[in-house]
Amino acid sequence: MNLPMRLAIVSLAWVMVGIGIAGIFLPLLPTTPFLLLAVWLFSRSSPRLAKWLMDHPLLGPPLRDWREEGAISRRAKISAILLMSLALVYLWFAFEPPAIALLLVAGIMLTCGAFIVSRPEPPNKR
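Report on the accompanying structure. (Residues numbered from 1 in each chain as written. Predicted model: local features only at pLDDT ≥ 70, side-chain atom pairs only at ≥ 80, totals over all residues. Heavy atoms only, no water.)

**A few points about helix α6 (residues 99-118)**
Cut-off, in case you're wondering: Here a strand is any run of E in DSSP of at least two residues, a helix any run of H or I of at least four, and the numbering for each starts at the N terminus. In this analysis, the expected span of each helix is defined as 1.5 Å times one less than the number of residues it contains. With a 1.4 Å probe rolled over the protein chains alone, any residue whose accessible area is under 20% of its type maximum counts as buried; one over 50% counts as exposed, and the rest are partly exposed. The reported arc concerns the directions from the helix axis to the C-beta atoms and nothing else. We call two residues in contact whenever any of their non-hydrogen atoms come within 4.5 Å of each other.
Look at α6: 28 Å from first C-alpha to last across 20 residues, which is about the 28 Å you get at 1.5 Å a residue. Listed as buried for α6 are Leu-102, Gly-113 and Ile-116. Down the axis of α6, the smallest arc covering the buried residues is 55°, so these residues share one side. Turned more than 90 degrees away from the buried face of α6 sit Ile-100, Leu-103, Leu-104 and Thr-111, all of them exposed. In this structure, the buried residues of α6 make contact with α5 (74-95).

**Remarks on the packing of helix α1 (residues 3-25) against helix α2 (residues 32-45)**
Which entries qualify depends on this criterion: Orientation is described by lines fitted to C-alpha atoms, with helices fitted over the stretch in contact, and by angles between N-to-C directions that extend from 0 to 180 degrees. Working rule for angles: under 35 degrees goes down as roughly parallel, over 145 as roughly antiparallel, 65 to 115 as roughly perpendicular, anything else as oblique. Should the near helix be turned anticlockwise from the far one by less than a right angle, the crossing is termed left-handed; should it be turned clockwise, right-handed. Residues are grouped as follows: nonpolar covers Ala, Val, Leu, Ile, Met, Phe, Trp, Tyr, Cys and Pro; charged covers Asp, Glu, Lys and Arg; every other residue, Gly included, is treated as polar.
Two numbers describe how α1 lies on α2: the axes approach to 8 Å, and their chain directions differ by 160°. Relative to α2, the element α1 is oriented roughly antiparallel. The handedness of the crossing between α1 and α2 is left-handed. Judged by residue contacts, Arg-6, Ile-9, Val-10, Leu-12, Ala-13, Trp-14, Met-16, Val-17, Ile-19 and Gly-20 of α1 engage Phe-34, Leu-35, Leu-37, Ala-38, Leu-41, Phe-42 and Ser-45 from α2. When the residues that make up the contact of α1 with α2 are grouped by side-chain class, the tally is 14 nonpolar, two polar and one charged.

**Digging into the pattern of salt bridges**
This is how the line gets drawn: Think of a salt bridge as a Lys or Arg side-chain nitrogen and an Asp or Glu carboxyl oxygen that are within 4 Å of each other.
Across all of its chains, the model carries two salt bridges by this definition. Taking the shortest distance from any N to any O, the salt bridge between Lys-51 and Asp-55 comes out at 2.5 Å. A residue pair is termed a helical-turn pair when its members lie 3 or 4 positions apart in one helix, as Lys-51 and Asp-55 do in helix α3 (residues 47-55) at four residues. Accessibility expressed as a relative area gives 54% for Lys-51, which makes it exposed. In this structure Asp-55 comes out as partly exposed when scored by relative accessible area, which is 43%. With a closest N to O distance of 2.9 Å, Arg-74 and Glu-121 form a salt bridge. Taken as a pair, Arg-74 in helix α5 and Glu-121 in the segment after α6 lie far apart in primary sequence, 47 residues in all. A relative accessible area of 52% means that Arg-74 is categorised as exposed. Note on Glu-121: relative accessible area 36%, which makes it partly exposed.

Next comes the structure, spelled out in structure tokens:
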């Protein structure tokens, strides 16, 4: 891979890490999907940075759980479902969207929630 392309991919990976870290503090922004994308981008441009992210004491465990087992922790599942529910209630009362828009958003959230709940929980390795 040529240097400009490698730098572009590494830069995009760092943007994903930044968004993922912001998701730790912003309740409606997911963390793990952005970090998974960052690991994928790093693995194509800088294996050393991919390893660093996978081995990170705070960010690495959910990434490893997903990569090795397709697993999501119970705490993450509860948080995701709770925050999606709160976001839907907020949308409903704060913006009073048309019924079709509310049903569409609820359907998307229900589908995402069903997927999250259907994932296994990681084995207790820690």
